[in-house]
Amino acid sequence: MIQVLVVEDDPVAADAHRLYVGRVPGFTVAAVANSRAEAVRALDRTPVDLLLLDLYLPDGHGLQLLRSLRAAGHSADVIAVTSARDLAVVREGVSLGVVQYVLKPFTFATLRDRLVRYAEFRATAGEASGQDEVDRAIGVLRAPEPAQLPKGLSSPTLEAVTRALRAAPDGVTASAAGEELGISRITARRYLEHLVTVGRAVRSPQYGQIGRPELHYRWVTRNG
């Protein structure tokens, strides 16, 4: 399990972030801190893998907290959760180990996507065979480049289907994906088949049901 420290000064938002993280398989919230000082105390008590860090805290900027943590030897990764859109702040955050930025306000689906990408990034191991493999490992953290879709497919629906598939460690059927997203089974299957075509998903028959087995789709991670 990836241990997460939620650092957020708004108690309502902090509770929402805690609930969101807890809904993503493979993640658990180790502690919640409402200030910079509370975050330092929490980290002294409990080692964590990831900080979900608000940048505007009542007792200092989130990047000030991050600088002090790095100086003290804390190596946890950081996903910044903020309304700040200043690209200078973004660049400074990257230099301090911020691996993702999530702009407020955001939905559960948005945070889930970032966490799933982060988990996939952490799962990479071993020695890279070359530049392409290094680029792929780093690219996991970033949204895919827009591509020309087949006629009849839309980017927003493809993103929704992709998020649903990535968040399902055991995979999904077209029926299950369609029900979750509010689209027809046939539509869901078209998008899932597109992901198979581009190499981001695999399909297999799902047995154990009466009648013809339904195809089962599973997301293909970068490391296999």
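Definitions and cut-offs
Residues numbered from 1 in each chain as written. Predicted model: local features only at pLDDT ≥ 70, side-chain atom pairs only at ≥ 80, totals over all residues. Heavy atoms only, no water. Salt bridge = Lys/Arg side-chain N within 4 Å of Asp/Glu carboxyl O. Helix = DSSP H or I, 4+ residues; strand = E, 2+ residues; numbered from the N terminus. Buried < 20%, exposed > 50% of the residue type's maximum accessible area, 1.4 Å probe, protein only. Pairing = 2+ DSSP bridges. Axes fitted to C-alpha atoms, helices over the stretch in contact; angles between N-to-C directions. Contact = heavy atoms within 4.5 Å. Arc of directions from axis to C-beta.

Peer 1: Talk me through the pattern of salt bridges; I want residue IDs and the actual numbers.
Peer 2: Applying the stated criterion across every chain yields a total of 11 salt bridges. With a closest N to O distance of 3.9 Å, E180 and R112 form a salt bridge. Here the residue E180 occupies a position in helix α8 (residues 174-181), and R112 occupies one in helix α5 (residues 108-123), the gap between them amounting to 68 residues. You can call E180 partly exposed: its relative accessible area is 46%. When salt bridges with common partners are traced through the structure, they connect E8, D54 and K104 into a single cluster.

Peer 1: Go over the sheet that holds strand β7 (residues 98-103) with me, naming the residues and quoting the values.
Peer 2: With parallel pairing, the five strands of this open sheet are ordered in space as β2-β1-β3-β6-β7. Only two strands of the sheet have a single partner each, and these edge strands are β2 (27-33) and β7. Taking the axes of each pair of neighbouring strands and ignoring which way they run, one obtains an average angle of 20° across the sheet. Inspection of the sheet shows strand β1 (residues 2-7) paired to strand β3 (residues 50-54) by four bridges, in the parallel sense. Bridged to L5 within β3 is L51. Contacts between helix α1 (residues 11-22) and the sheet are confined to β1, β2, β3 and β6 (77-82), with β2 contributing the most and set at about 165° to the helix.

Peer 1: So what's going on with helix α2 (residues 36-45)? Residues and values would help.
Peer 2: Buried residues of α2: A39, A42 and L43, and no others. Around the axis of α2, the buried residues are gathered within 95° of arc, so they sit on the same side. Opposite the buried face of α2, by more than 90 degrees, sit the exposed residues D44 and R45. Where α2 is buried, its residues meet β1, β2, β3 and α3 (62-71).

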